[in-house]
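# Structure assessment
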Amino acid sequence: MDISYYLYLSAALFVIGAVGVVIRRNAIVIFMCIELMLNASNLAFVTFARIHGNLEGQMVAFFTMVVAACEVVVGLAIIVMIYRSRRSASVDDASLLRR
Amino acid sequence: MNLALEVGQVGTAEAVQFFILAPIAVIAALGILFVKKAVHAALMLVSIMIILAIFYIANGAAFLGVVQIIVYTGAVMMLFLFILMLVGVDSSDSLKENLKGIRPVAITLAIGISLLLISLLSRAQISEQAPDLAVLNSEGNVEGIARLLFTEYVWAFEVVSALLITAAVGAMVLAHSEKSREISRTQRYKSVARFRGDSLATAAGLPGSGVYARHNALDVPALLPDGSASELSVSKTLQARGDVIDQSKFALDQLPGVNEADESSAVEREEER
């Protein structure tokens, strides 16, 4: 098995996450799909670090994790705020500007 | 087309591990797309993250593997579950699309990105062969990351710490509510509100759930004097979960006395007009 198989796994997870962002309507599940995409890209970074034989890729993956943690905290706070005012976590319900 | 980059072979044990865990990860990821309840999606994401942590460790990133388990499956997913509990169990959405034409868009997107990524990966040329894992972690994985983090990337490290603090403060500002300033709803307030409300029907409190001859469970609606089932008598949480026994089963449409009397009086009223 070649090391690059990890890259294909990463690509598969990334695509599935992207599709999930498009087709799911619950804001929390959409968020989970974004996390999935971030994790998939992290796997690619770690694999590239191994291919190139240095730790730079792992550094980038580390920073991605930190930024993802920030993003989750703020995003979930926004979801809670929207839920408080609209009593729904569905992204289709937040269409105030359309009406 | 040879898809493998041929940058180096992994050992048999790692290959076996990959071919067992990778399909599980992909299946769990597909599960996120199709399960109905958000909690199930969260559990599938947890399994994917643990599998990815194992892959990190297999790829020589022991530190990242441990961080993945502690930060992602430990902290981030717990945060997700907290918010799921806060937002409520009724947040499971149906997979029926109500935005027209989103499914073709999703399929096009999936095919497009995967073709792009596969063609990119299969044509990539990485001249060097991947060195042994021992070369990567020659001074130890944690030591190597620490040296990079506090020398070359120290500026990024500081900026990220500022980002973390900003995110924490931002989340507190966003999630803060001014509830404490509202008039507290005392029992006296509630009691007055019950009688001053639109109808006196609930002045004596909401009806209890269906405690009558056929059932005495919380998930059965009570019958009102006219034979109809009372929605108010069943907890809203149970209704949201869909755990309520169908009310129409218990409604007594053909209750002889009441309904006939209703109809006859209605006929009389029609005649009077």
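Residue indices begin from 1 for each chain and proceed along its sequence in written order. Note on labels: chains are lettered from A, ligands numbered from 1, in written order. Selection of residues for local features in this predicted model requires a pLDDT of at least 70, selection of side-chain atom pairs for listing and counting requires 80 or more, and totals for whole chains, interfaces and linings are taken over all residues. Computation of side-chain values: all heavy atoms of the structure, hydrogens and water removed.

## Some words on the packing of helix α1 (residues 5-23) of chain A against helix α1 (residues 12-34) of chain B
Convention followed: Lines fitted to C-alpha atoms define the axes, with helix axes restricted to the stretch in contact, and inter-axis angles between N-to-C directions lie between 0 and 180 degrees. Numbering of helices and strands starts at the N terminus; helices are DSSP runs of H or I of at least 4 residues and strands are runs of E of at least 2. Convention used here: angles under 35 degrees read as roughly parallel, angles over 145 as roughly antiparallel, angles from 65 to 115 as roughly perpendicular, and any remaining angle as oblique. What makes two residues a contact is simply this: any of their non-hydrogen atoms within 4.5 Å. Under the grouping applied here, Gly and all other residues not named as nonpolar or charged are polar, the nonpolar ones being Ala, Val, Leu, Ile, Met, Phe, Trp, Tyr, Cys and Pro and the charged ones Asp, Glu, Lys and Arg.
For the pair α1(A) and α1(B), the least separation of the axes is 9 Å and the interaxial angle reads 5 degrees. In this view, α1(A) runs roughly parallel relative to α1(B), as classed from their interaxial angle. Between α1(A) and α1(B), the contacting residues are Y5(A), Y6(A), L9(A), L13(A), I16(A), V19(A), G20(A) and I23(A) on the first element and E14(B), F18(B), F19(B), A22(B), A25(B), V26(B), A29(B), L30(B) and L33(B) on the second. Across the contact of α1(A) with α1(B), the residue classes break down as 15 nonpolar, 1 polar and 1 charged.

## Points about a nonpolar patch on the surface
All names here are of chain B. Put simply, the test is: Put simply, a patch holds well-exposed residues, over 30% relative accessible area, that have no salt bridge, with like charges counted together within 9 Å and Val, Leu, Ile, Met, Phe, Trp or Tyr side chains within 5 Å. We get accessible surface area from the Shrake-Rupley algorithm with a probe of 1.4 Å; when it comes to residues, only the shown protein chains can shield them. By definition here, a salt bridge exists when the distance from a side-chain nitrogen of Lys or Arg to a carboxyl oxygen of Asp or Glu is within 4 Å. Throughout this description, buried means an accessible area under 20% of the type-specific maximum (1.4 Å probe, protein chains only), exposed means over 50%, and partly exposed covers the range between.
Among the surface-exposed residues, F150, V154, W155 and V159 lie close enough to one another that they form a single nonpolar patch of about 430 Å² accessible area. Looking at the secondary structure, you find W155 in helix α7 (residues 154-175). By relative accessible area, which is 66% here, W155 ends up exposed.

## Points about the confidence of the model for chain B
Low pLDDT marks stretches whose predicted atomic positions should not be read closely. Test applied: Residue-level confidence of the predictor is summarised by pLDDT, bounded by 0 at the bottom and 100 at the top.
The predicted model of chain B has a mean per-residue pLDDT of 79, with 77% of residues at 70 or higher. With a pTM of 0.75, the predicted complex shows an ipTM of 0.92.

## Section: the packing of aromatic side chains
Definition in use: By convention, a stacked pair of Phe, Tyr or Trp rings (six-membered ring in the case of Trp) has centres within 6.5 Å and planes under 30 degrees apart, an edge-to-face pair has planes over 60 apart, and any other such pair is tilted.
In the structure shown here, the tally under the stated rule is 11 aromatic pairs over all chains. When the ring of F62(A) is compared with that of F63(B), the centres are 5.9 Å apart and the planes differ by 40 degrees; the resulting orientation is tilted. Here the residue F62(A) occupies a position in helix α3 (residues 56-86), and F63(B) occupies one in helix α3 (residues 62-87), the pair thus bridging two chains. Residue F62(A) is classed as buried on the basis of its relative accessible area of 14%. Overall, F63(B) belongs to the partly exposed group, its relative accessible area being 25%. Grouped by ring-pair contacts, the aromatic residues Y5(A), Y6(A), F18(B), F19(B) and F55(B) constitute a single cluster.

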